[in-house]
Structures are given as C-alpha cells and as structure tokens.
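Spelled out, the chains give:
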Amino acid sequence: MKPFNLMIYLDGSSAARRMVAYLAPLARQAHVKTTFLVDEAHQDEAEMYFFNAEQLLQSDQAPTRTMRGATPERAIVLETRASQPDLVAFGPLRKEGWRRWLGQSAIGSLARRLTCSMLLMQGRPNELRRALVCAAGGPATLHDAQMTASIIGPLGGQVTILHIVSQLSLTYKPEERDPERLADLVMEKQGEVARNIAAAKTILTDRGITTTVRIRAGMVLEEIQEELKTGGYDLLVIGAHRARTPLDRVLLEDVSAEILFNSPIPVLLVQNTSDF
C-alpha cells in the first residue's frame, strides 16, 4: 500500500486529545508514518504532550516528534512545507471571548495557505468509520475520493457521496425526490457530473469501501446540514477546489468557512494540487 504521511498538531487541548484517539486506528496502519508537532508557546509542555499522545496512539511505529519555534499557524505551515505530509490534523485553534475570531481567522488562513489536505477536529466523534463526501461533480471530485479512500479504506469504513442540485425540474414526481431515488435518476443522465461521481465511486469501491450516492435538491449549506443530522457520519469531506474567478474565490471560501466552523463532526478539507 502507498505510504501515507500524517501530521498531528498538539497543544494540550481536549480537541487535540480527541483527535489523536480519533486518528489512532489510521496511524496504527503499517503504511502510515505519523509526526507530532508542538509550537513555541507549548515548548515547556512538549515532552508531556508527546508522551500522552503516544500513549493514546498505541502504535508499533514510534511517531516522529517535531517542534517549531513559531505561532500555531506558522508552525503548521513551516512543518508541512518541510515534511510534505499527505494530511495535517489540528483542533479549532480558537480563543476565548473577544479573541475567538482570531482562531477562526487562523484556520481560514491555513485553508488557503496549506498545499496538503487538512483535518479540523470538530465535535466529539467516537470513531472514524462513516464519511460524507460533498461532491461538486467536477473533476476534482476524484481527488476528494482518493483522499477519502486513503483514510477510510484501511479502516473498513463506509462512504456516502452527496451531490446537491440547486434546481430540480418540476417533471420529477414527489416520490422521485427522495435522495436515493433522485440519485438513480440523475446518474442515468450520464452528464459530466454523473460521470465524475461514478468515477469517484469506482475509486472508493476498488478500495473495498461500501459506497452510496445521494442527491439532494436545495441550498448547499442547508442540505449538507440536513444530511449530517440524519446520516450518522463521523467525517465530513469537502474539496478546496481552485476558483476560476475572484467571485468564485469569494463564494467558495464563504461556503468552506461556514462548513468548517459549523460542522458538528470533523471536517476534511482536500487540497487538489493538480488537475485531471
């Protein structure tokens, strides 16, 4: 299996501890190399953070310990540039009271600056088994599927690919608007969206992952939230797709920020560094 490099930022928070426990089943896989990162503000506690994280990980492979003399955001950026991980994981980085927006700003900045995919720990998940992949339907959907397969595949997980259409023809009967039935009808059209979703599903099923496709009609954020309420998912996957125009960039960042800060479960933001 292809080597997978995982980096986890530690700051002593409860979110960081949950993150290590959440990712431990993946980190224990033989092909996964794990690096723990501590920044300048926590250097005095670094030894304790490393030890506690290793106890949670319980891996046969000793993780790499790394320290960076910088702020959390800069430490993460510098270390990802140096070690080129496939995935970097960290907690909310939020501060209390009026300073909370600074943490949100740092996460938004990381989403724009990182060239690797990132996982933001949200909520209190018990395990990493069921992922919801929000597919825009473009070629980048295949990148999202590949990263999801790298994380979920070794754990024997399940994936639902969700695509949202903003408008739905009145010719569809009420009974055809169910997400699963609607998926069958949309996939039968064999357009670009259908072809890309089918290819993404193949990537996942070829890794032995049970995969289903659901299509919802409505506003993107509302439909994602509704699916999360009813689906029992452990991971939300969204793509940091390239914006073609300044307006696209604003709209994409706005949607991504809403999802990142309001998701009740961990969010995987997939960075697509090349085009199909």
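Structure shown above.
Cut-offs used in this document
- Residues numbered from 1 in each chain as written.
- Predicted model: local features only at pLDDT ≥ 70, side-chain atom pairs only at ≥ 80, totals over all residues.
- Heavy atoms only, no water.
- Helix = DSSP H or I, 4+ residues; strand = E, 2+ residues; numbered from the N terminus.
- Buried < 20%, exposed > 50% of the residue type's maximum accessible area, 1.4 Å probe, protein only.
- Pairing = 2+ DSSP bridges.
- Axes fitted to C-alpha atoms, helices over the stretch in contact; angles between N-to-C directions.

A.B. asks: So, unusual backbone geometry: which residues are in play, and what are the values?
C.D. replies: Phi at Gln58 takes a positive value of approximately 50°, unusual for a residue other than glycine. Relative to the assigned elements, Gln58 resides in the loop between α2 (46-57) and β3 (64-68). By relative accessible area, Gln58 is classed as exposed at 60%. Phi angles above zero are rare outside glycine, and Gln84 is one such case at about 50°. Among the secondary structure elements, Gln84 is positioned in the loop between α3 (72-83) and β4 (87-90). You can call Gln84 partly exposed: its relative accessible area is 48%.

A.B. asks: Outline the sheet that holds β4, listing residues and values.
C.D. replies: Strand order in the open sheet formed by 10 strands is β3-β2-β1-β4-β5-β10-β9-β6-β7-β8, with mixed pairing between adjacent strands. Both outer strands of the open sheet, β3 and β8 (210-217), are each paired with one neighbouring strand and no more. The mean inter-strand angle of the sheet, taken between neighbouring strand axes irrespective of direction, is 25°. Here strand β7 (residues 158-165) runs beside β8; their pairing, made up of 8 bridges, is parallel. Considered in β8, the bridge of Thr160 is made with Thr212.

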